[in-house]
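Analysis of the macromolecular model
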Amino acid sequence: MAKAQTRSYAEEYEQLRRQLAEKEKELAISENKLKQIKGSYYAMKNSNIFRLLHKANKVKVLIKNVIQVLRGKKKALTLFQRGTSLQTGTKQMESYRYYLYELGFTERVLADLEKIYTTTGDQHMKRLAALELSRWYASKKTEQGAKRALAYLPAVVKGTSDPELLRQAAILTAESLHLLNHKQKAKHVLQKALGFWDHPELHQALVILEESMGKQQPTPLPEEQVQADIVFATDFRLSENELADTIEEININQERGLKTVLVPLATYDFRLPATIAPAIQKLINDEVVDLLDSNKQVNCDLLIIKHPQVLEEKQEKLPRISAGMVRVVMESPPDDSQHGYSLRHCSRNLLDYADKQARWHPKNKQVRSMLTNQENRELKYIKLASQNWYSAYGSRYEAFLDDWLVKSPRGDVKTDGQ
C-alpha cells in the first residue's frame, strides 16, 4: 500500500515538473517576443514616420477643437492656453531668478515664490516655484538650508514625467543630502538618475559631489575700496527721459573735475529691461563714470539717490557705501499711481545701505504740495529738506554743489552736521 502511494506521488511530481518546464519555455518565448516588439516600437517611435503620425494625430485633435470653437462649444482661447501657460510660467521664473540672483531682491522674491507655491491652483507653476525655492535654499550651503530644500522637492516631482524637472530634483536632492553628511545616499541618487538619463548635468553633478568631499569652503575676498566725490544711486534701466536730469548732473560733475561713481539700485518691476539705458552705458564706455559691482566699497562726499521707488524693496547685492552726506530726490510723491513707494520702507532700507540719515528733496513745488497738502503720516520717517531740487528758474544742482562741496585749505568737506 505504501509503495503504491509513493509511486503515485512520484508520477504526480514528474507530471507537475514537465508542466512547469513547458510553462518556463512558453515564458521564455513570450519574453523574447516582448523584447522584439519593444525594439520595433522604439525604433518606430524614433523614426520620422512615427513623428509624422504623431504630428498628424495632433493636427486631427486641433481640427476637432477648431470645429468645436466654430460651433460655439469651446472658446478659442482654450486652444492655446496650456502651451501659453507653460511658456508664461517658464518666462516668469526666469524673471524671478534674475531679480533674486543678479539684483539681490531676496526677501521679496522668496515671498512671491512662497505665495505661488502655497496658493496657486496651477500645478505646473507650483512645481516651478518649489524648484526655485529648493534651488535657493540648497545654494546657502548650510544644514538648515538643505533641510528646507528637501522639503520642497516632493512638490517638484509630484505628478510630472518632465525629465528636466526630474533631473533637477535629483541633483538638488543629492546636493542637500551631501550637505547633511549623507554622502553615499547623495551619490546613490545621482547614480540611480544616470540609470534613467545619461545626461551631462548628472555626470557633472556627480563629479562636483566627489570633488567636494573633504574640500574646505573658499574664504571670502576682501572688498576693494573706491574713492569718489559724488555717487549717484538709482535704477539705470529706466528710460533715458527719466534719467535725463541725472545725466545732465553727471556732465556738470565732469566739467568741475568731480569723480562720479554709479551704484545700481533697482526697482522691483519685471516690465523693466535687464540692461541699463544706452546713454548711461555710453558714459561708462567713455570713462566719464564708473559703475560699481557688489564686491566693492565706495567712500564718497555726497550720495544722491534718484527715484525713491528704488528703495522700496530690500536689495542685497550692492556695494557698501560710506558717505559724508546723503540726499534723496523725490521725482514723484509716495502715492504716485505709477511709481508708488512707502517712506517708512525706503528710509529703513536706506539706513541699511548707507548707515546715515538723508535729507529728502521734492523735485519741485508740485511734488512738495502733494506731500504736504494731504495727511501723510509717513512724513515722520524722513527729514524733508527745506529746498526743492528745482526752483522756478531751473535746477539748483550747481548751487547745491557750491554749498555742500566747498573744500577748505585743509581739504575738509561739509557734512550734514556742519
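First, a word on scope: everything that follows refers to the structure included in this document. (Residues numbered from 1 in each chain as written. Predicted model: local features only at pLDDT ≥ 70, side-chain atom pairs only at ≥ 80, totals over all residues. Heavy atoms only, no water.)

1. Quick word on the pattern of salt bridges
For the coordinates displayed, the defined rule picks out 14 salt bridges. Between Glu210 and Lys187 there is a salt bridge whose closest N-O contact spans 3.6 Å. Residue Glu210 is located in helix α9 (residues 200–212), and its partner Lys187 is located in helix α8 (residues 183–196); the two are separated by 23 residues in the primary sequence. For Arg256, the salt bridge goes to Asp402, with nearest N and O atoms at 2.9 Å. In this pair, Arg256 sits in the loop between α10 (244–255) and β2 (260–264) while Asp402 sits in helix α14 (residues 397–404), placing the two residues 146 residues apart along the sequence. (Salt bridge = Lys/Arg side-chain N within 4 Å of Asp/Glu carboxyl O. Helix = DSSP H or I, 4+ residues; strand = E, 2+ residues; numbered from the N terminus.)

2. A few points about the nonpolar core
Counting 31 residues, the largest nonpolar core has Leu303, Ile305, Leu311, Leu350 and Trp360 as its most contacted members. The set of elements that each furnish at least two residues to this core consists of β1 (224–234), β2, β4 (296–306), β5 (320–330), α12 (343–354) and α13 (365–372). Those residues in contact with Leu303, other than ones at most four positions away along the chain, are Val231, Ala233, Ile321, Ala323, Met325, Val326, Arg327 and Ala354. (Core = buried A, V, L, I, M, F, W, Y, C linked by side-chain atoms within 4.5 Å. Buried < 20%, exposed > 50% of the residue type's maximum accessible area, 1.4 Å probe, protein only. Contact = heavy atoms within 4.5 Å.)

3. Side note on the environment of Lys317
For Lys317, the position within the fold is in the loop between β4 and β5. Take Lys317: its relative accessible area is 41%, and that puts it in the partly exposed class. Along the primary structure Lys317 and Leu265 are separated by 52 residues, whereas in three dimensions their C-alpha atoms are 9.3 Å apart.

Without other data, these values stay purely geometric and don't point to any function.
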